[in-house]
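These are the residues of each chain, in order.
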Number of protein chains: 2
Amino acid sequence: MGDSDAARRRPGLPASAAVTMTTVGRMAGVSQVTVSRALSDPSKVSPETLARIHEAIRATGYVPNALAGALASRRSNLIAALVPSFTNIVYSSLLHGFSEIMRENGYQIMLSETGHDPEREQALVEALLSRRPDGVLLTGVHHAPGTRRMLIGSGIPVVEIWDISETPIDCCVGFSHAATGQAAAEFAVKAGYRRAATVTAGDARAIRRRDSFVQTFHRMTGAEVPAVDFQPGTATLEQGRAALVDLLDRQGFMAGVVFCSSDQFAHGLLTEAAARGLRVPDQIAVIGFGDQDFAAHTHPALTTIRVDRAVLGEAAAGALLSRFAEHTPGPSVVDVGFQLIQRGSA
Amino acid sequence: MGDSDAARRRPGLPASAAVTMTTVGRMAGVSQVTVSRALSDPSKVSPETLARIHEAIRATGYVPNALAGALASRRSNLIAALVPSFTNIVYSSLLHGFSEIMRENGYQIMLSETGHDPEREQALVEALLSRRPDGVLLTGVHHAPGTRRMLIGSGIPVVEIWDISETPIDCCVGFSHAATGQAAAEFAVKAGYRRAATVTAGDARAIRRRDSFVQTFHRMTGAEVPAVDFQPGTATLEQGRAALVDLLDRQGFMAGVVFCSSDQFAHGLLTEAAARGLRVPDQIAVIGFGDQDFAAHTHPALTTIRVDRAVLGEAAAGALLSRFAEHTPGPSVVDVGFQLIQRGSA
DNA sequence: CTCCGTCATGTATGCGCATACATCAGTTCA
DNA sequence: TGAACTGATGTATGCGCATACATGACGGAG
């Protein structure tokens, strides 16, 4: 490590080593404010001065202090983003598109995991607000009361994603989970299935999909729909296998379609079916959710529900950016929709 | 949105609406510095004063401004973290443990993706340094020259993960990729395989694993080792299937073991083998890398190389924290090792 | 009683930058 | 030829907080 400038990092000592705009300006023979202008709007500085300033920046190794800039300008160019989990590909693929666009516009992302816990989400929001983010991204539309209050009180633009609501904190970009469940049930009935089951990770949105599926399927066929439920969190192939074991061996389920809250579950069902030599979809049919990268390439390929996560992430970024622009706040609720992709598994 | 305090967010206007420590202090009948003390070290303030201050905070809805605090104290409590990809579970699971520990110690993570591109990594480091992070997490030990220079010059603690090096920028926590390739080859030879192939995503570390595997296998058996290579990036099941198609149908490979740079690839090979009715491991054997959550539950279960990513992430956090403490910088190179897990696929 | 240490609090200052406003030379046009 | 304007730069100020240092009240030791 460079100890030469340790003083810069040692609180309380004079920051003699710190290179600031004043240092650069002195070397270039101009004042601090001219350096500031050279960096933020070069057209306001004469070409010769600009050249001297850049030379001084190079010579000193000057690095702007965005903290000071943010304090003075009241714009931090930081975005706080909260997702249930980093390791769930559904959220991380969304963040990919989101953060890319925000970064291109000069924003940095502060990312945290809520673990599907509203109280933890609230604690994180409280901590993050002290960093004065210019915008906040939240996953889902149901939050602790304090979360909502703090965010509204802060006056900071907020975008809620992965769900839609009539009463967003500020705006939301997502799709109707109930509609996906209904679409899956209608598809299953139309395809001739008269028995169905569900495998669900217990987060609020997955439960909404399941309930809508069950209700629709029951209404259309009169059938009861057995269920296997897991705790909220990342769904695994292992759980999917266990779920099929449970359905077949304990609940006596057979010759029907299983609606899963995640492609991982669905993949697990396919794997267990293969291990047992069951024919898919004849002896067991599977519908996944997410259209993850493997879904088209399982054996047989997975019938699933696709949500364009890249588009969703980008739309969320766009919603925030339009709010920063202040003129055209854009719509408050964006429904990006979904597609049921029929492949071989159902 | 709350427009009531829009002034706070509008640069150039007087920030009349902003609630600061001075506001709180005025209401509680004390000075700003007493409020500061009440929040940072309550024992320095009398209990009655403390109570009045907390009441004032509650009444005003005061939210500390960490930007101002960071500027004054020269400690931002921010960590810049760079990973190749959010969507690659290998990195995101690592971040999970890392960010959890950092958060518990009061640090926020600023996360960015490099996309396996050193130039992009350098641009991100440059942008991130302006936020004055207290620490930096980098993935891998090979960086653009400018990246190294900037980081050393900054004097900020840096931890490089997922690899080890004799000459870290500051410190590194990882394992030897060459050793994993060698271990896989030795295992394969010992298990009786005399033919081998590789399927690799072309990032620097995966290539190192592959090269070491090929070299060791060739040295021990004299066999040539055909290869399928992909671009760096997230490995997919689809690519794994395609790789087996290529090996079998184009390269005439058969009855041997395939060393994959990722469990996703390996899963793809298993899937393609199942679709073709090939017996695993007799007709085709597969070794993965990563021991991802599905690895133990594929059919057959995957023989793979496990790296404890949670431990790695936590060790990286520990390395940074010990550097912040200044007294005991801790070791510069931590090798967390790996395990070859034998299951059914090889 | 006086001296000194301790506790609770206050005053002064500056972190590094962006913004508003001022200055001053060199135009341009009536 | 002088008023108005433009371009390039400077001065003054404060964002909200943490830190160093100062103050005053109090209490026990000498």
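Quick look at the structure, then. Bear in mind the structure is a predicted one, so any value in this text is a computation, not a measurement. Every residue gets a number counted from 1 within its own chain, in the order that chain's sequence is written. Chain A is the first chain written and ligand 1 is the first ligand written, with later ones labelled in order. Whole-chain, interface and lining totals are the exception, using all residues; otherwise, since this is a predicted model, local features are given only for residues with pLDDT of at least 70 and side-chain atom pairs are given and counted only at 80 or more. Computation of side-chain values: all heavy atoms of the structure, hydrogens and water removed.

Residues are counted as near a molecule or strand when any one of their heavy atoms sits within 4 Å of it. Neighbouring residues of DNA strand C: 26 residues in total, closest A:Met21, A:Ser36, A:Tyr62, B:Thr34 and B:Thr49. Near-protein atoms of DNA strand C (within 4 Å) split between backbone and bases, with sugar and phosphate holding 67%. In protein, a polar contact means a hydrogen-donor-capable atom and an acceptor-capable atom, both N or O and within 3.5 Å, with residues adjacent in sequence counting only if both atoms are side-chain atoms; elsewhere, any N or O pair within 3.5 Å suffices. In this structure, B:Arg37 approaches DNA strand C through a side-chain N or O atom, which is 2.9 Å from a base nitrogen. Secondary structure is summarised from DSSP: a helix means a run of H or I of at least four residues, a strand means a run of E of at least two, and numbering begins at the N terminus for each. Secondary-structure elements contributing two or more residues to the surface near DNA strand C are α3 (32–40) and α5 (66–73) of chain A together with α3 (32–40) and α5 (66–73) of chain B. Ranked by residues supplied to the surface near DNA strand C, first place goes to α5(A) with four residues. Three residue categories are used. Nonpolar comprises Ala, Val, Leu, Ile, Met, Phe, Trp, Tyr, Cys and Pro, charged comprises Asp, Glu, Lys and Arg, and polar comprises the others, including Gly. Considering only residue class, the surface near DNA strand C consists of twelve nonpolar, twelve polar and two charged.

All right, on to the sheet that holds strand β7 (residues 227–230) of chain A then. Paired through their backbone hydrogen bonds, the strands of a sheet run either parallel or antiparallel. All names here are of chain A. The pairing criterion for strands is at least two bridges between them, as found by DSSP. One open sheet accounts for four strands, arranged β7-β6-β8-β9; its pairing is parallel. Edge strands, defined here as strands with exactly one partner in the open sheet, are β7 and β9 (284–287). Strand-to-strand, the axes of this sheet are offset by a mean angle of 15°, without reference to chain direction. Judged from the four bridges that link them, strand β8 (residues 256–260) and β9 form a sheet pairing that is parallel. Across the sheet, the residue bridging to Val258 is Val286, located in β9. Against the sheet, helix α12 (residues 263–276) makes contact with β6 (196–201), β7, β8 and β9, and its axis sits at roughly 160° relative to β9, the strand it touches most. Only C-alpha atoms enter the line fits that serve as axes; for helices the fit covers just the stretch in contact. Angles between N-to-C directions range over 0 to 180 degrees. Contact definition: two residues touch when any of their heavy atoms are within 4.5 Å.

What follows covers the interface of chain B and chain A. If you look at the interface, chain B gives 70 residues, while chain A gives 70 residues. Note on chain B versus chain A: buried area summed over both sides is about 6,300 Å², and carbon and sulfur give 55% of it. Note on definitions: salt bridges are taken to be side-chain nitrogens of Lys or Arg within 4 Å of carboxyl oxygens of Asp or Glu. Applying the counting rule to chain B against chain A returns two salt bridges. A salt bridge links B:Glu100 to A:Arg120, with the shortest nitrogen-to-oxygen separation between them at 2.9 Å. Broken down by secondary-structure element, the contributors of at least two residues to the side of chain B that touches chain A are α1 (6–9), α5, α6 (89–104), β2 (108–113), α7 (118–129), α8 (145–154), α11 (237–250) and α12 (263–276) of chain B. Of the residues contributing to the side of chain B that touches chain A, the split by class is 29 nonpolar, 23 polar and 18 charged. The term buried area means the drop in 1.4 Å probe accessible area that two parts suffer when joined, counted for both and summed.

Let us now look at the pattern of salt bridges. Residues and elements named next belong to chain B. Evaluation of the coordinates by the stated rule reveals 28 salt bridges over all chains. Here Asp229 ties to Arg210 by a salt bridge, and the two come within 2.8 Å at their closest N and O atoms. Taken together, the residues span a long stretch of sequence, with Asp229 in strand β7 (residues 227–230) and Arg210 in helix α10 (residues 204–221) at a distance of 19 residues. According to the relative accessible area criterion, Asp229 is partly exposed, its value standing at 45%. Taking the shortest distance from any N to any O, the salt bridge between Arg276 and Glu272 comes out at 2.8 Å. A residue pair is termed a helical-turn pair when its members lie 3 or 4 positions apart in one helix, as Arg276 and Glu272 do in helix α12 at four residues. Relative accessibility thresholds used throughout: buried, under 20% of the residue-type maximum; exposed, over 50%; partly exposed, between the two (1.4 Å probe, protein chains only). We classify Arg276 as partly exposed; its relative accessible area is 35%.

On to the packing of aromatic side chains. To describe a pair of aromatic rings, one takes the distance between the centres and the angle between the planes. Residue and element names in this part refer to chain A. When two rings of Phe, Tyr or Trp (its six-membered ring) have centres within 6.5 Å they constitute a pair, described as stacked for plane angles under 30 degrees, edge-to-face for angles over 60, and tilted for the intermediate range. A full pass over the atoms with the stated rule returns 14 aromatic pairs over all chains. For the pair Trp162 and Phe175, a centre-to-centre distance of 5.0 Å together with 90° between the ring planes defines the contact as edge-to-face. Separated by 13 residues along the polypeptide, Trp162 in the loop between β4 (158–161) and β5 (171–174) and Phe175 in the loop between β5 and α9 (177–190) bring together distant segments of the chain. We note that Trp162, like Phe175, is buried. Ring geometry for Phe213 and Phe217: centres 5.8 Å apart, planes at 15°, overall stacked. You can see Phe213 and its partner Phe217 sitting in helix α10 (residues 204–221), four residues apart, about one turn around the helix. For Phe213, a relative accessible area of 0% puts it in the buried group. Note on geometry: a ring has a charge over it if NZ (lysine) or CZ (arginine) is within 6 Å of the ring centre and within 35 degrees of the ring normal. We note Arg209 situated over the ring of Phe289; from NZ or CZ to the ring centre the distance is 3.7 Å.

Quick look at the relation of the copies chain B and chain A now. Of the transformation superimposing chain B on chain A, the axial component is 0.0 Å and the angular component is 180°, with the fit at an RMSD of 0.1 Å. Taken together, the turn and the small shift mark the pair as related by a two-fold rotation axis. In terms of proximity to the rotation axis, the leading residue of chain B is B:Met110, whose C-alpha is 2.3 Å off the axis. By residue overlap, the copies meet face to face through one surface: 100% of the interface positions of chain B are interface positions in chain A. Only residues with pLDDT of at least 70 in both copies contribute their C-alpha atoms to the least-squares superposition of the copies.

All names here are of chain A. A cavity here means a set of 1 Å grid points, computed over protein atoms only, where a 1.4 Å probe fits but cannot escape. A pocket is an open set with protein on both sides within 12 Å along at least 5 of 7 lines, and lining residues have an atom within 4 Å of a point. Grid points are joined across faces, edges and corners, and a volume is the space filled by probe spheres set on the points. Per the stated rule, a full pass over the model turns up five cavities of 30 Å³ or more. In this structure, the largest cavity encloses a volume near 200 Å³. Looking at the lining of the largest cavity, its residues break down into six nonpolar, seven polar and three charged. For the domains described, the bounds stem from an automatic or database domain assignment. Counting residues domain by domain, the lining of the largest cavity receives three or more from each of domain 2 (76–175 + 310–337) and domain 3 (177–306).

Moving on, we come to the layout of surface pockets. The volume enclosed by the second largest pocket comes to roughly 1,500 Å³. Lining the second largest pocket are 48 residues, and of these A:Val63, A:Pro64, A:Asn65, B:Ser130 and B:Arg132 lie nearest its centre. Residue assignment for the lining of the second largest pocket shows that the elements contributing at least two residues are α1 (6–9), α3, α4 (47–60) and α5 of chain A together with α5, α7 and α8 of chain B. Among the elements that line the lining of the second largest pocket, the one with the most residues is α5(A), at seven residues. Looking at the lining of the second largest pocket, its residues break down into 21 nonpolar, 16 polar and eleven charged.

Here we come to the pairing of β9(A). Within a regular beta strand, the side chains point alternately toward one face of the sheet and then the other, so they alternate between its two faces. Of the two faces of β9(A), the one holding A:Ile284 and A:Val286 and the one holding A:Ala285 and A:Ile287 are both buried throughout. Whether a crossover is right-handed comes down to one check: with the strands pointing away from the viewer, does the path from the first strand over the helix to the second run clockwise; if it does, it is right-handed. Assessed by its sense of winding, the connection that carries the chain from β8(A) through α12(A) to β9(A) is right-handed.

Moving on to the protein's contact with DNA strand D. The environment of DNA strand D is formed by 26 residues, the closest being A:Thr34, A:Thr49, B:Met21, B:Ser36 and B:Tyr62. Taking the atoms of DNA strand D that fall within 4 Å of the protein, sugar and phosphate contribute 65% of them. Take A:Thr49: an N or O atom from its side chain is 2.5 Å from a phosphate oxygen of DNA strand D. In the environment of DNA strand D, a phosphate oxygen lies 2.5 Å from a nitrogen or oxygen atom belonging to the side chain of B:Ser36. Examining the composition of the surface near DNA strand D, we find that four residues originate from one element, α5(B), more than from any other.

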